[in-house]
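Next come the chains, spelled out residue by residue.
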Amino acid sequence: MIKILTVFGTRPEAIKMAPVIKQLRAYPDTFVNRVCITAQHRQMLDPFLNLFDIKPDCDLDIMQEDQSLEHITVTVLRQLGEIIKKERPDYLLVQGDTTTSMAASLASFYQKVKVAHVEAGLRTWNVLQPYPEEINRKIIDAVSNLCFAHTPQARQNLLQEGIGEEKIEVTGNTVIDALLDVAERNIDVKGTALENIPLNKKKVILVTAHRRESFGEPLTNICRAIKEIALKYSSGVCVVYPVHLNPNVQKTVHSILKGIENVLLINPLDYEYFVHLMKKSFLILTDSGGIQEEAPSLGKPVLVLRKVTERPEVVGAGAVEVVGTQPEKIVESTAQLLEDSEKYQRMSKAINPYGDGKASQRIVKRLLREKHG
Ligand code: UD1
Ligand code: UDP
């Protein structure tokens, strides 16, 4: 038997880890599965556990209002260290580049328990973009015994850092596995925030923004740009913004965008409703990593509200344009997509480079290979 301790704490980790947990469950005679959530996110995590039918074996319940990076790191490191000592798994499995994943991988390294990293090798080569994720993922990859890279480019990044090729497996991104699973489900929008959105009457521009490096002026600029777009296209466009629960985001977004008729500020959506909203949108403006990976599968162009992206593959494929945080550029690029149908068609027809929905199968196959040498 191989004992796996899967650790995650935030919304995107839950989405991207769920298909792996499902695959591991398919081999009950080979894998002993333990799931520990840190609950770095609480309200934004729990609905995803229900959706994917995940019942954690332990819940560290660490989230605090406006929490610091120190709080997340220290609490996870201490509490998870004790759990790893008790469980002694063969592998600790983490995903992505959150501080939960970084602290969990370090706790595992300190206990000399092997680490396997899903979505390894993403890099911008700028330690402040995104902050603190670029350093988080470097630490995770440095202590990992198995690196599941989502693309050949991510594998190349790992090799460049001196990580042995025997540790790396190119798998595709598990977000596509989750997306394909959820996109097929029927949903009823009655009684949800989606009920009030004129999905079939106006062009919906879907917005999300939450990154720490954008707090302050960049997020203010993003909101000013959204306001300008909403006012300029008031008759034909509806902006829908599920606002991240981080108080730093809530405050800025509400102070600039509240009260504009065609801007709907709503709570974060459960995954099945968010996927439905992506499907019904005309265009997406975001600083999210996961959404850059998902949107091309749904044929939706994405403008990235950041200076750089660690996902150059979607830019190369033509599905995503990095527009930064300056209002003029955001407004100009959005206007182009609203008015230039040739450009819109080009971007929406790009092929998604992040996989075929079988990433989690490849990950579990590799873990099986480790067992059989
Ligand atoms: C975290 C990750 C980021 C990831 C993002 C996904 C780190 C440092 N950041 O950022 O990499 O892209 O999640 O969304 O790991 N809050 C709630 N309820 C929730 C979730 C958050 O109230 O369910 C509020 C709390 O006040 C919390 C704050 O948001 O303190 C910040 O949460 P945190 O997880 O520290 O940062 P994120 O910006 O969500
Ligand atoms: N998402 C969601 N509801 C929302 C906003 C996003 O379910 O209201 C999903 C989205 O489809 C993607 C993931 O959450 O799979 C992205 O999470 P986030 O942007 O918080 O994190 P990042 O990907 O930037 O780390």
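Refer to the structure printed above.
Cut-offs and rules
- Every chain's residues receive numbers from 1 upward, in the order its sequence appears when written.
- Just so you know, chain letters begin at A and ligand numbers begin at 1, following the order they were written in.
- Residues qualify for local features only when their pLDDT is at least 70, as the model is predicted, and side-chain atom pairs are given and counted only at 80 or more; totals for whole chains, interfaces and linings, by contrast, use all residues.
- As a rule here, side-chain values come from all non-hydrogen atoms in the structure, and water together with hydrogens is ignored.
- For this description, a residue counts as near a given molecule or strand if any of its non-hydrogen atoms is within 4 Å of it.
- For the purposes of these results, a polar contact is taken to be a pair of N or O atoms within 3.5 Å, where, inside protein, one atom must be able to donate a hydrogen and its partner to accept one; residues adjacent in sequence count only when each atom of the pair is a side-chain atom.
- The Shrake-Rupley method, run with a 1.4 Å probe sphere, supplies the accessible areas, and residue values consider only the shown protein chains as cover.
- Gly is put with the polar residues, along with every residue not named as nonpolar or charged; the nonpolar set is Ala, Val, Leu, Ile, Met, Phe, Trp, Tyr, Cys and Pro, and the charged set is Asp, Glu, Lys and Arg.
- Where helices and strands are cited, they refer to DSSP runs of H or I of at least four residues and of E of at least two residues respectively, numbered from the N terminus.
- Here the expected length of a helix is defined as 1.5 Å per residue gap, with one fewer gap than residues.
- Between two residues, a contact is recorded if the distance between any of their heavy atoms is within 4.5 Å.
- A pairing counts as a salt bridge when a side-chain nitrogen of Lys or Arg comes within 4 Å of a carboxyl oxygen of Asp or Glu.
- Only protein chains enter the accessibility calculation, which uses a 1.4 Å probe. A residue is then buried if its area is under 20% of the maximum for its type, exposed if over 50%, and partly exposed in between.
- Space inside and on the surface of the protein is sampled on a 1 Å grid over the protein atoms alone, with a cavity defined as a set of points where a 1.4 Å probe fits but cannot get out and a pocket as an open set with protein on both sides within 12 Å along at least 5 of 7 lines; lining residues have an atom within 4 Å of a point.
- Grid points are joined across faces, edges and corners, and a volume is the space filled by probe spheres set on the points.
- When DSSP locates at least two bridges between a pair of strands, those strands are taken to pair.
- What counts as an axis is a line fitted to C-alpha atoms, over the stretch in contact for a helix, and the angles between N-to-C directions run from 0 to 180 degrees.

A. Up close: the site of ligand 1. If you check the shell around ligand 1, you find 25 residues, and the closest are His41, Gln43, Gln64, Glu133 and Arg212. Taking Gln67, its main chain carries an N or O atom lying 2.8 Å from an oxygen atom of ligand 1. Take Asn246: an N or O atom from its main chain is 3.4 Å from an oxygen atom of ligand 1. Taking 750 Å² as the accessible area of ligand 1 by itself, protein coverage stands at 96%. Considering only residue class, the shell around ligand 1 consists of 8 nonpolar, 11 polar and 6 charged.

B. Quick look at helix α3 (residues 69–87). Compared with the 27 Å implied by 1.5 Å per residue over 19 residues, the 26 Å span of α3 between its first and last C-alpha is a close match. Elements that come into contact with the buried residues of α3 comprise β1 (2–8), β2 (31–37), β3 (58–59), β4 (91–95) and α4 (99–110). Of the residues trailing α3, Arg88 is marked for its positive phi of about 40°.

C. Main features of the pattern of salt bridges. One pass over the structure, following the stated rule, counts 29 salt bridges. Ionic pairing is found between Arg123 and Glu161, a salt bridge with its closest N-O pair at 2.7 Å. Of this pair, Arg123 sits in the loop between β5 (114–120) and α5 (133–143) while Glu161 is found in the loop between α6 (152–160) and β7 (168–170), placing the two residues 38 residues apart along the sequence. We classify Glu161 as partly exposed; its relative accessible area is 30%. One salt-bridge network, held together by shared partners, links Lys16, Asp97, Glu119, Glu134, Arg137, Glu293, Arg306, Glu310 and Arg311.

D. Focus on the layout of surface pockets. What the second largest pocket holds in volume is close to 220 Å³. Contributing to the lining of the second largest pocket are 14 residues, with Ala18, Pro19, Lys22, Asp177 and Asp181 lying nearest its centre. Secondary structure elements with two or more residues in the lining of the second largest pocket: α1 (11–25), α7 (174–183) and α15 (359–371). Among the elements that line the lining of the second largest pocket, the one with the most residues is α1, at 5 residues. In terms of residue class, the lining of the second largest pocket is built from 5 nonpolar, 4 polar and 5 charged.

E. Up close: the site of ligand 2. Within the structure, ligand 2 sits among 17 residues, and Arg11, Leu269, Ser288, Gly290 and Glu294 are positioned closest to it. Arg11 has a polar side-chain atom sitting 2.8 Å from an oxygen atom of ligand 2. Between ligand 2 and Gly289 there is a distance of 2.9 Å, counted from an oxygen atom to a backbone nitrogen or oxygen. Breaking the shell around ligand 2 down by element, the ones donating at least two residues are α1, α10 (271–280) and α11 (289–294). Considering each element in turn, the shell around ligand 2 owes the most residues, 4 residues, to α11. Of the residues assigned to the shell around ligand 2, the class counts are 10 nonpolar, 4 polar and 3 charged.

F. Representation of the sheet that holds strand β8 (residues 203–208). Read across the open sheet, the 6 strands follow the order β10-β9-β8-β11-β12-β13; overall the sheet is parallel. Edge positions in the sheet fall to β10 (263–266) and β13 (320–322), since each of these pairs with one other strand and no more. Pairs of neighbouring strands in the sheet enclose a mean axial angle of 20°, with direction left out of account. Here helix α13 (residues 327–339) sits on the sheet and contacts β8, β9 (237–242), β11 (283–286), β12 (302–304) and β13; the angle it forms with β11, its principal contact strand, is near 165°.

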